[in-house]
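One letter stands for each residue in the lines below.
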Amino acid sequence: MALTISQGLAISFPAIQKKKAENQWAESALMHEMDRQGGIKTKALGSTIEAPLDYQRNPGTAFLATELQAHSMNKTEVVTAASYTPAELVVPMVWSYRDEALNTEETQKVDLIDTIANNGLDSHDDFLEQYLFSTSTNGFLGLQTHITFAGTGSDGGIDSSVNTFWRNQTATYIDDTDIESAFTTVWNQCAKGSGAKLMPTLMVSDASTQSLFEGTQQANQRWVDTDELKAGFKILGFKTCRFVFSLYSGNFGATYFLNMKSFNLTVAKGFFRKKDEAAPIQNATGYVSRLYSALQTVVDNRSRLGIAAKTGAV
């Protein structure tokens, strides 16, 4: 007996990426690079995601002026936490009895299943990438919440106007004559010192800003490593960063500086791109199967993140 679309989708979904239709609308450059650098982290979630912060040097630390000088006996307060509530993302995949009736041959059915599943996965990641460049959308936090042009704002329940340690780094540039200088300033501020362990590893901007920067570089400055030579030099490099552009970044001349230890996309264990069983649609001749994710962007060291923005665009 021939498989139905519902059965075929359930069986083939884990390997569905092997046969992709030509995608006309999605690329997800930032998502792909975050995944490559380990920036999508899976964990068991509760009602909130807690990110512990070691936010200051022990205030009692001091050189002793005399052998038995009294030291501070104030309670040590060096740890707090940023707190984030998980957001939910759903992609409904719907087809009709008519689709079943008109795709009776196995080859027809496989093509339709591939199209439905691939579109669902691409829609999921494309939607995520789009809203990574926003502020907040139905509880999902984008880069404009975590990294602001002034370095201020509240993030994870911590107000950086009051807690200055929680401010991200910023710099501005005018044009191609000083864009590299602005990038260097932000990179240095995020690194906080030569040989730092939390140097930026990922930069993302719009296409025009990346082009402006690329035009200032000599050929041997542009690329990340020799592996990129084999790949045809698709990823620009700046110091320790891989520099990508996204179609959703917008053309406002902003470049974000990230590292995947200080910023990540945390997803629920067992509930990231989870596909449920197909179910009949009530009062309609069709079926629905859904992709579902519980997830949130999380920051545990905002001072290690930064933005370089074009003057007049902020």
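Scoring rules and cut-offs
Residues numbered from 1 in each chain as written. Predicted model: local features only at pLDDT ≥ 70, side-chain atom pairs only at ≥ 80, totals over all residues. Heavy atoms only, no water. Buried < 20%, exposed > 50% of the residue type's maximum accessible area, 1.4 Å probe, protein only. Helix = DSSP H or I, 4+ residues; strand = E, 2+ residues; numbered from the N terminus. Arc of directions from axis to C-beta. Contact = heavy atoms within 4.5 Å. Polar contact = N/O pair within 3.5 Å; in protein donor to acceptor, adjacent residues only side chain to side chain. Core = buried A, V, L, I, M, F, W, Y, C linked by side-chain atoms within 4.5 Å. Phe/Tyr/Trp six-rings, centres within 6.5 Å; stacked < 30°, edge-to-face > 60°. 1 Å grid on protein atoms, 1.4 Å probe; cavity = no way out; pocket = protein on both sides within 12 Å on 5 of 7 lines; lining within 4 Å. Points joined across faces, edges and corners; volume = space filled by probe spheres on them. Nonpolar A, V, L, I, M, F, W, Y, C, P; charged D, E, K, R; others polar. Pairing = 2+ DSSP bridges. Axes fitted to C-alpha atoms, helices over the stretch in contact; angles between N-to-C directions. Salt bridge = Lys/Arg side-chain N within 4 Å of Asp/Glu carboxyl O. Expected span 1.5 Å × (residues − 1).

Engineer: Teacher, can you tell me more about helix α7 (residues 207–214) here?
Structural biologist: What sets the pattern is the α-helix's 3.6 residues per turn: residues three or four places apart point alike. Along α7, the positions that sit buried rather than exposed are Thr209, Gln210 and Phe213. Angularly, the buried residues of α7 cover 100° about the axis, an arc narrow enough to put them on a single face. Summarising the contacts, the buried residues of α7 are in contact with β9 (169–173), α6 (179–191), β10 (202–205), β11 (236–238), β12 (241–245) and β13 (254–258). With a side-chain oxygen positioned 3.1 Å from the backbone nitrogen of serine 208, the residue opening α7 is aspartate 206.

Engineer: Explain the nonpolar core here, please?
Structural biologist: Nonpolar side chains in soluble globular proteins tend to end up buried together. Core analysis: the biggest nonpolar cluster contains 36 residues, and Leu30, Met34, Tyr84, Leu143, Leu258, Phe263 and Leu265 have the highest contact counts within it. Residues in contact with methionine 34, not counting those within four places in the same chain, are Gly39, Ile40, Leu132, Leu202, Met260, Phe263, Asn264 and Leu265. Of all hydrophobic cores here, the second largest spans 18 residues; its members include Ile179, Phe183, Met203 and Phe243.

Engineer: Can you walk me through the packing of aromatic side chains in this structure?
Structural biologist: Each aromatic ring pair is characterised by the separation of its centres together with the angle its planes make. Applying the stated criterion across every chain, the model contains twelve aromatic pairs. Ring geometry for phenylalanine 183 against phenylalanine 238: centres 5.8 Å apart, planes inclined by 75°, an arrangement best described as edge-to-face. With a gap of 55 residues between them, phenylalanine 183 in helix α6 and phenylalanine 238 in strand β11 connect regions that are remote in the sequence. Grouping residues by exposure puts phenylalanine 183 and phenylalanine 238 together as buried.

Engineer: I tried to follow the layout of surface pockets on my own but got confused; where do I start?
Structural biologist: Gaps left between atoms show up when a probe the size of a water molecule is rolled over them. By volume, the second largest pocket amounts to about 260 Å³. As for the second largest pocket, its lining consists of 14 residues, and the residues nearest its centre are Glu27, Ala29, Ile235, Val244 and Phe245. Those elements that provide at least two residues to the lining of the second largest pocket are α2 (29–36) and β12. The residue makeup of the lining of the second largest pocket, split by class, is six nonpolar, four polar and four charged.

Engineer: Mind showing me how you'd approach the sheet that holds β13 here?
Structural biologist: By definition, the strands of a sheet pair up through backbone hydrogen bonds, in either a parallel or an antiparallel sense. Pairing in this open sheet of six strands is mixed, and the strands run β9-β18-β13-β10-β12-β11 from one edge to the other. Looking at which strands have only one partner, the edges of the open sheet turn out to be β9 and β11. Taken over all neighbouring pairs, the strand axes of this sheet differ in orientation by 25° on average, direction set aside. Bridging between β9 and strand β18 (residues 306–310) involves five bridges; their strand directions are parallel. Residue pairing in the sheet places alanine 171 in a bridge with alanine 308 of β18.

Engineer: Where do I start with the pairing of β12 in this structure?
Structural biologist: Each regular strand displays side chains that alternate between the two surfaces of the sheet. Where burial is concerned, most of β12 is hidden: four out of the five residues are buried. As paired elements, β10 and β12 share four bridges and run parallel to each other. Bridging from a neighbouring strand, leucine 202 pairs with arginine 242 of β12. Here β11 pairs with β12 via three bridges, running antiparallel. The residue of β12 that forms the bridge with phenylalanine 238 is cysteine 241. In this structure, the hairpin formed by β11 and β12 is closed by a connection of two residues, where lysine 239 is found at a positive phi of approximately 50°.

Engineer: Got a minute to help me understand the pattern of salt bridges in this structure?
Structural biologist: Pairing of side chains with opposite charge becomes possible as their charged atoms draw close. Scanning all chains against the criterion turns up five salt bridges. Between arginine 273 and aspartate 125 there is a salt bridge, with the nearest N and O atoms lying 2.9 Å from each other. Taken together, the residues arginine 273 in the loop between β14 (263–268) and β15 (274–275) and aspartate 125 in helix α4 (residues 106–132) connect sequence positions 148 residues apart. Residue class for aspartate 125 comes out buried when judged on its relative accessible area of 12%. Three or more residues joined by partner-sharing salt bridges are found here, namely Glu33, Arg36 and Arg242.

Engineer: Looking at this structure, I do not really get α6. What am I missing?
Structural biologist: Taking 1.5 Å per residue, 13 residues should reach 18 Å; α6 reaches 18 Å between its end C-alpha atoms and fits that length. All of the buried residues along α6 are Ile179, Ala182, Phe183, Val186, Trp187, Cys190 and Ala191. Projected down its long axis, α6 carries its buried residues within an arc of 165°, all on one side. Of the residues one or two after α6, lysine 192 is the one with positive phi, at around 70°.

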